[in-house]
Amino acid sequence: MPNEKDTGVEAKQPLMEHLEELRKRLIRIFIIVIIVFCAVYSNSKIFMDFVTAPVIAALPPHASLSMIKITEGFFVELKLCAVVAVFFSMPAIFYELWKFIAPGLYAQEKKYIVSFVISATLLFIGGAAFAYYGAFPFGFKFFLGYAQGSVTATLSLQEYLGFFTKMIMAFGFVFEMPVFTFFLAKMGFLTSRMMNKYRKYSYLGIFIIAAILTPPDVFSQMMMACPMMILYEVSVFVAKVFGRKREIKEEDVYA
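Here's what I pulled together on the structure shown here. Since we're looking at a predicted model, the values are computed, not measured.

What counts, and where the lines are drawn
- Residues numbered from 1 in each chain as written.
- Predicted model: local features only at pLDDT ≥ 70, side-chain atom pairs only at ≥ 80, totals over all residues.
- Heavy atoms only, no water.
- Disulfide = S-S within 2.5 Å.
- Salt bridge = Lys/Arg side-chain N within 4 Å of Asp/Glu carboxyl O.
- Helix = DSSP H or I, 4+ residues; strand = E, 2+ residues; numbered from the N terminus.
- Buried < 20%, exposed > 50% of the residue type's maximum accessible area, 1.4 Å probe, protein only.
- Phe/Tyr/Trp six-rings, centres within 6.5 Å; stacked < 30°, edge-to-face > 60°.
- Axes fitted to C-alpha atoms, helices over the stretch in contact; angles between N-to-C directions.
- Parallel < 35°, antiparallel > 145°, perpendicular 65-115°, else oblique.
- Contact = heavy atoms within 4.5 Å.
- Nonpolar A, V, L, I, M, F, W, Y, C, P; charged D, E, K, R; others polar.
- Patch = residues over 30% accessible without salt bridge, like charges linked within 9 Å, V, L, I, M, F, W, Y side chains within 5 Å.
- Areas by Shrake-Rupley, 256 points an atom, 1.4 Å probe, with all protein chains shown as cover.

Let's shift gears to the state of the cysteines. Scanning all chains against the criterion turns up zero disulfides. Note on Cys38: no disulfide assigned, nearest cysteine sulfur contributed by Cys81 at a separation of 9.9 Å.

A separate point is the pattern of salt bridges. As enumerated under the stated definition, the model contains five salt bridges in all. With its nearest N and O atoms 2.8 Å apart, the salt bridge here joins Glu96 to Arg25. Separated by 71 residues along the polypeptide, Glu96 in helix α5 (residues 90-101) and Arg25 in helix α2 (residues 15-41) bring together distant segments of the chain. In this structure Glu96 comes out as buried when scored by relative accessible area, which is 7%. Exposure remark for Arg25: the relative accessible area of 11% places this residue in the buried category. Here Glu233 makes a salt bridge to Arg199, at a shortest N to O gap of 2.8 Å. Placement of Glu233 in helix α11 (residues 218-254) and of Arg199 in helix α10 (residues 199-213) is noted, with a sequence separation of 34 residues between them. Among the residues examined, Glu233 registers a relative accessible area of 31% and is labelled partly exposed.

We now examine the environment of Ala57. Looking at where Ala57 falls in the secondary structure, it is placed in helix α3 (residues 44-58). Considered as a pair, Ala57 and Lys141 are 84 residues apart in the sequence and their alpha carbons are 8.7 Å apart.

Looking now at the environment of Leu204. Relative to the elements of secondary structure, Leu204 occurs in helix α10. Given a relative accessible area of 52%, Leu204 falls into the exposed group. Sequence spacing of Leu204 and Ala225 is 21 residues, and the spatial spacing of their C-alpha atoms is 9.8 Å.

The full count for this structure, using the stated rule, is 21 aromatic pairs. A centroid spacing of 5.1 Å and a plane angle of 35° characterise the contact between Trp98 and Phe116, whose relative ring orientation is tilted. Placement of Trp98 in helix α5 and of Phe116 in helix α6 (residues 113-144) is noted, with a sequence separation of 18 residues between them. The exposure classification of Trp98 matches that of Phe116, with both residues buried. Judged by centre distance (6.2 Å) and plane angle (50°), the ring pair of Tyr198 and Tyr201 falls under tilted. Ring pairs connect the aromatic residues Phe50, Tyr132, Tyr133, Phe136, Phe140, Tyr160, Phe163 and Phe164, which therefore count as one cluster.

With that out of the way, let us pick up the packing of α3 against helix α4 (residues 72-88). One way to put it is that α3 packs onto α4 with a least axis distance of 10 Å and a crossing angle of 85°. Relative to α4, the element α3 is oriented roughly perpendicular. Within the contact between the two elements, α3 uses Ser44, Phe47, Met48 and Val51 and α4 uses Val76, Glu77, Leu80, Cys81, Val84 and Phe88. Along the lines of polarity and charge, the residues of the contact of α3 with α4 split into eight nonpolar, one polar and one charged.

What follows concerns a nonpolar patch on the surface. Together, Ile27, Phe30, Ile31, Ile34 and Ile35 make up an exposed nonpolar region whose accessible area comes to about 480 Å². Taking the relative accessible area as the measure of exposure, Ile27 reaches 39% and is therefore partly exposed.

Take a look at the structure:
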(Lines give C-alpha, C1' and ligand atoms only; values in the text may rest on other atoms or scores of the structure.)
Protein backbone atom coordinates (compact mmCIF):
# COMPACT_ATOMS: atom_id res chain seq x y z
CA MET A 1 0.00 0.00 0.00
CA PRO A 2 1.30 3.49 -0.80
CA ASN A 3 2.27 5.74 2.04
CA GLU A 4 1.94 9.51 2.22
CA LYS A 5 5.40 10.07 0.77
CA ASP A 6 4.71 7.85 -2.23
CA THR A 7 1.47 9.49 -3.25
CA GLY A 8 2.06 13.02 -2.08
CA VAL A 9 -1.43 13.05 -0.58
CA GLU A 10 -1.55 14.52 2.90
CA ALA A 11 -3.06 12.53 5.72
CA LYS A 12 -6.78 12.82 6.15
CA GLN A 13 -7.72 15.68 8.38
CA PRO A 14 -10.56 15.61 10.90
CA LEU A 15 -13.78 17.37 9.91
CA MET A 16 -13.19 20.27 12.31
CA GLU A 17 -9.78 20.95 10.78
CA HIS A 18 -11.36 21.05 7.32
CA LEU A 19 -13.99 23.48 8.55
CA GLU A 20 -11.36 25.65 10.22
CA GLU A 21 -9.32 25.70 7.01
CA LEU A 22 -12.45 26.61 5.05
CA ARG A 23 -13.19 29.43 7.49
CA LYS A 24 -9.69 30.86 7.04
CA ARG A 25 -10.01 30.76 3.26
CA LEU A 26 -13.41 32.44 3.34
CA ILE A 27 -12.11 35.18 5.64
CA ARG A 28 -9.21 35.84 3.26
CA ILE A 29 -11.60 36.00 0.31
CA PHE A 30 -13.86 38.39 2.22
CA ILE A 31 -10.95 40.69 3.06
CA ILE A 32 -9.78 40.72 -0.55
CA VAL A 33 -13.28 41.50 -1.82
CA ILE A 34 -13.64 44.35 0.70
CA ILE A 35 -10.32 45.88 -0.38
CA VAL A 36 -11.29 45.67 -4.05
CA PHE A 37 -14.75 47.03 -3.20
CA CYS A 38 -13.21 50.17 -1.72
CA ALA A 39 -11.20 50.73 -4.89
CA VAL A 40 -14.23 50.08 -7.10
CA TYR A 41 -16.57 52.32 -5.09
CA SER A 42 -14.46 55.40 -5.81
CA ASN A 43 -15.06 54.80 -9.53
CA SER A 44 -18.63 53.53 -9.32
CA LYS A 45 -19.93 55.83 -12.07
CA ILE A 46 -17.56 54.27 -14.62
CA PHE A 47 -18.82 50.80 -13.80
CA MET A 48 -22.45 51.91 -13.73
CA ASP A 49 -22.10 53.34 -17.23
CA PHE A 50 -20.45 50.12 -18.40
CA VAL A 51 -23.11 47.86 -16.89
CA THR A 52 -26.07 49.85 -18.20
CA ALA A 53 -24.59 50.41 -21.69
CA PRO A 54 -26.12 47.26 -23.31
CA VAL A 55 -29.68 47.99 -22.19
CA ILE A 56 -29.45 51.73 -22.90
CA ALA A 57 -28.29 50.96 -26.44
CA ALA A 58 -31.35 48.73 -26.92
CA LEU A 59 -33.91 51.09 -25.36
CA PRO A 60 -36.52 52.40 -27.81
CA PRO A 61 -37.22 56.16 -28.04
CA HIS A 62 -38.69 57.75 -24.90
CA ALA A 63 -37.75 54.69 -22.79
CA SER A 64 -35.46 54.95 -19.78
CA LEU A 65 -34.00 53.35 -16.68
CA SER A 66 -35.78 54.60 -13.58
CA MET A 67 -35.41 54.72 -9.81
CA ILE A 68 -38.68 53.38 -8.43
CA LYS A 69 -37.73 53.84 -4.77
CA ILE A 70 -36.02 56.85 -3.23
CA THR A 71 -33.15 54.72 -1.86
CA GLU A 72 -32.85 52.58 -4.97
CA GLY A 73 -29.92 54.46 -6.51
CA PHE A 74 -27.81 54.20 -3.35
CA PHE A 75 -28.36 50.49 -2.80
CA VAL A 76 -27.95 49.69 -6.49
CA GLU A 77 -24.58 51.44 -6.43
CA LEU A 78 -23.49 49.38 -3.41
CA LYS A 79 -24.66 46.13 -4.99
CA LEU A 80 -22.99 46.99 -8.29
CA CYS A 81 -19.67 47.71 -6.59
CA ALA A 82 -19.95 44.43 -4.65
CA VAL A 83 -20.56 42.47 -7.85
CA VAL A 84 -17.66 44.17 -9.63
CA ALA A 85 -15.41 43.56 -6.61
CA VAL A 86 -16.24 39.84 -6.67
CA PHE A 87 -15.59 39.77 -10.41
CA PHE A 88 -12.15 41.38 -10.06
CA SER A 89 -11.35 39.15 -7.08
CA MET A 90 -11.89 35.94 -9.05
CA PRO A 91 -8.17 35.13 -9.42
CA ALA A 92 -7.75 35.32 -5.64
CA ILE A 93 -10.97 33.35 -5.08
CA PHE A 94 -9.81 30.57 -7.38
CA TYR A 95 -6.39 30.59 -5.70
CA GLU A 96 -7.94 30.16 -2.25
CA LEU A 97 -10.20 27.42 -3.60
CA TRP A 98 -7.16 25.57 -4.94
CA LYS A 99 -5.29 25.92 -1.65
CA PHE A 100 -8.30 24.49 0.18
CA ILE A 101 -8.51 21.35 -1.98
CA ALA A 102 -4.73 20.98 -2.48
CA PRO A 103 -4.22 18.68 0.55
CA GLY A 104 -6.35 16.07 -1.20
CA LEU A 105 -4.28 16.12 -4.39
CA TYR A 106 -1.23 14.12 -5.37
CA ALA A 107 2.12 15.87 -5.25
CA GLN A 108 2.45 15.93 -9.03
CA GLU A 109 -1.02 17.50 -9.31
CA LYS A 110 -0.31 20.43 -7.01
CA LYS A 111 1.92 21.99 -9.66
CA TYR A 112 -1.23 22.84 -11.65
CA ILE A 113 -2.03 25.77 -9.35
CA VAL A 114 -0.90 28.48 -11.80
CA SER A 115 -2.62 26.78 -14.72
CA PHE A 116 -5.79 26.36 -12.69
CA VAL A 117 -5.98 29.98 -11.54
CA ILE A 118 -5.25 31.35 -15.01
CA SER A 119 -7.58 29.00 -16.89
CA ALA A 120 -10.44 29.32 -14.39
CA THR A 121 -10.16 33.12 -14.43
CA LEU A 122 -10.00 33.34 -18.22
CA LEU A 123 -12.95 30.98 -18.64
CA PHE A 124 -15.02 32.98 -16.17
CA ILE A 125 -14.15 36.24 -17.94
CA GLY A 126 -14.88 34.57 -21.27
CA GLY A 127 -18.34 33.52 -20.11
CA ALA A 128 -19.10 36.99 -18.76
CA ALA A 129 -17.83 38.61 -21.97
CA PHE A 130 -19.95 36.28 -24.08
CA ALA A 131 -23.02 37.32 -22.09
CA TYR A 132 -22.19 41.04 -22.26
CA TYR A 133 -21.17 41.30 -25.90
CA GLY A 134 -23.12 38.40 -27.36
CA ALA A 135 -26.30 37.55 -25.49
CA PHE A 136 -27.25 40.96 -24.06
CA PRO A 137 -27.44 43.03 -27.27
CA PHE A 138 -29.69 40.50 -29.02
CA GLY A 139 -31.71 39.61 -25.94
CA PHE A 140 -32.41 43.21 -24.91
CA LYS A 141 -33.34 44.18 -28.43
CA PHE A 142 -35.80 41.29 -28.61
CA PHE A 143 -37.52 41.96 -25.29
CA LEU A 144 -37.62 45.73 -25.61
CA GLY A 145 -39.09 45.35 -29.07
CA TYR A 146 -42.44 44.86 -27.34
CA ALA A 147 -42.36 48.50 -26.22
CA GLN A 148 -44.24 49.85 -29.24
CA GLY A 149 -47.19 52.12 -29.79
CA SER A 150 -48.81 53.02 -26.49
CA VAL A 151 -46.43 50.75 -24.54
CA THR A 152 -43.41 52.55 -23.07
CA ALA A 153 -40.50 50.77 -21.42
CA THR A 154 -39.69 52.08 -17.96
CA LEU A 155 -37.13 49.76 -16.43
CA SER A 156 -36.25 49.61 -12.76
CA LEU A 157 -32.55 50.13 -12.17
CA GLN A 158 -32.61 47.62 -9.32
CA GLU A 159 -34.34 44.90 -11.34
CA TYR A 160 -32.00 45.43 -14.26
CA LEU A 161 -28.91 45.09 -12.08
CA GLY A 162 -30.36 41.90 -10.57
CA PHE A 163 -30.94 40.48 -14.04
CA PHE A 164 -27.48 41.60 -15.22
CA THR A 165 -25.76 40.02 -12.22
CA LYS A 166 -27.63 36.75 -12.57
CA MET A 167 -26.78 36.39 -16.24
CA ILE A 168 -23.13 37.43 -15.93
CA MET A 169 -22.51 35.02 -13.05
CA ALA A 170 -24.46 32.23 -14.77
CA PHE A 171 -22.49 32.49 -18.00
CA GLY A 172 -19.23 32.89 -16.07
CA PHE A 173 -19.68 29.73 -14.01
CA VAL A 174 -21.12 27.75 -16.91
CA PHE A 175 -17.88 28.38 -18.79
CA GLU A 176 -16.02 26.74 -15.89
CA MET A 177 -17.23 23.31 -17.05
CA PRO A 178 -13.78 22.16 -18.30
CA VAL A 179 -12.19 23.13 -14.98
CA PHE A 180 -14.79 21.20 -12.96
CA THR A 181 -14.33 18.25 -15.29
CA PHE A 182 -10.58 18.38 -14.70
CA PHE A 183 -11.04 17.92 -10.95
CA LEU A 184 -13.72 15.26 -11.24
CA ALA A 185 -11.55 13.33 -13.67
CA LYS A 186 -8.52 13.68 -11.41
CA MET A 187 -10.50 12.35 -8.45
CA GLY A 188 -11.84 9.44 -10.49
CA PHE A 189 -15.49 10.51 -10.31
CA LEU A 190 -15.75 11.20 -14.05
CA THR A 191 -14.29 9.64 -17.18
CA SER A 192 -14.48 10.46 -20.87
CA ARG A 193 -16.17 7.10 -21.49
CA MET A 194 -18.89 8.02 -19.00
CA MET A 195 -19.38 11.44 -20.62
CA ASN A 196 -19.60 9.88 -24.08
CA LYS A 197 -22.11 7.30 -22.89
CA TYR A 198 -24.44 9.87 -21.32
CA ARG A 199 -23.95 12.63 -23.92
CA LYS A 200 -27.59 12.80 -25.00
CA TYR A 201 -28.80 13.05 -21.41
CA SER A 202 -26.17 15.69 -20.73
CA TYR A 203 -27.37 17.72 -23.70
CA LEU A 204 -30.92 17.47 -22.38
CA GLY A 205 -29.69 18.71 -19.01
CA ILE A 206 -27.86 21.56 -20.72
CA PHE A 207 -31.05 22.77 -22.37
CA ILE A 208 -32.93 22.48 -19.06
CA ILE A 209 -30.25 24.53 -17.28
CA ALA A 210 -30.29 27.11 -20.08
CA ALA A 211 -34.08 27.34 -19.84
CA ILE A 212 -33.85 27.95 -16.09
CA LEU A 213 -31.05 30.52 -16.19
CA THR A 214 -32.18 32.54 -19.20
CA PRO A 215 -35.36 34.47 -20.04
CA PRO A 216 -38.21 32.36 -21.45
CA ASP A 217 -37.39 32.73 -25.12
CA VAL A 218 -35.75 30.24 -27.47
CA PHE A 219 -33.07 32.64 -28.68
CA SER A 220 -31.65 33.37 -25.21
CA GLN A 221 -31.72 29.70 -24.32
CA MET A 222 -29.78 28.82 -27.47
CA MET A 223 -27.26 31.56 -26.71
CA MET A 224 -26.40 29.72 -23.50
CA ALA A 225 -27.00 26.12 -24.60
CA CYS A 226 -24.75 26.23 -27.69
CA PRO A 227 -21.58 27.32 -25.83
CA MET A 228 -22.39 24.78 -23.11
CA MET A 229 -22.51 21.96 -25.68
CA ILE A 230 -19.16 23.07 -27.09
CA LEU A 231 -17.71 23.24 -23.58
CA TYR A 232 -19.08 19.77 -22.89
CA GLU A 233 -17.09 18.38 -25.81
CA VAL A 234 -14.02 20.24 -24.57
CA SER A 235 -14.64 18.71 -21.14
CA VAL A 236 -14.78 15.22 -22.67
CA PHE A 237 -11.31 15.85 -24.08
CA VAL A 238 -10.10 17.15 -20.70
CA ALA A 239 -11.45 14.06 -18.93
CA LYS A 240 -9.81 11.79 -21.50
CA VAL A 241 -6.39 13.40 -21.24
CA PHE A 242 -6.12 14.09 -17.51
CA GLY A 243 -8.27 11.21 -16.27
CA ARG A 244 -6.17 8.69 -18.17
CA LYS A 245 -2.97 10.08 -16.68
CA ARG A 246 -4.41 9.72 -13.21
CA GLU A 247 -5.44 6.13 -13.83
CA ILE A 248 -1.95 5.26 -15.09
CA LYS A 249 -0.29 6.88 -12.11
CA GLU A 250 -2.57 5.04 -9.66
CA GLU A 251 -1.84 1.70 -11.32
CA ASP A 252 1.89 2.41 -11.06
CA VAL A 253 1.55 3.35 -7.39
CA TYR A 254 -0.51 0.35 -6.35
CA ALA A 255 1.40 -2.17 -8.45
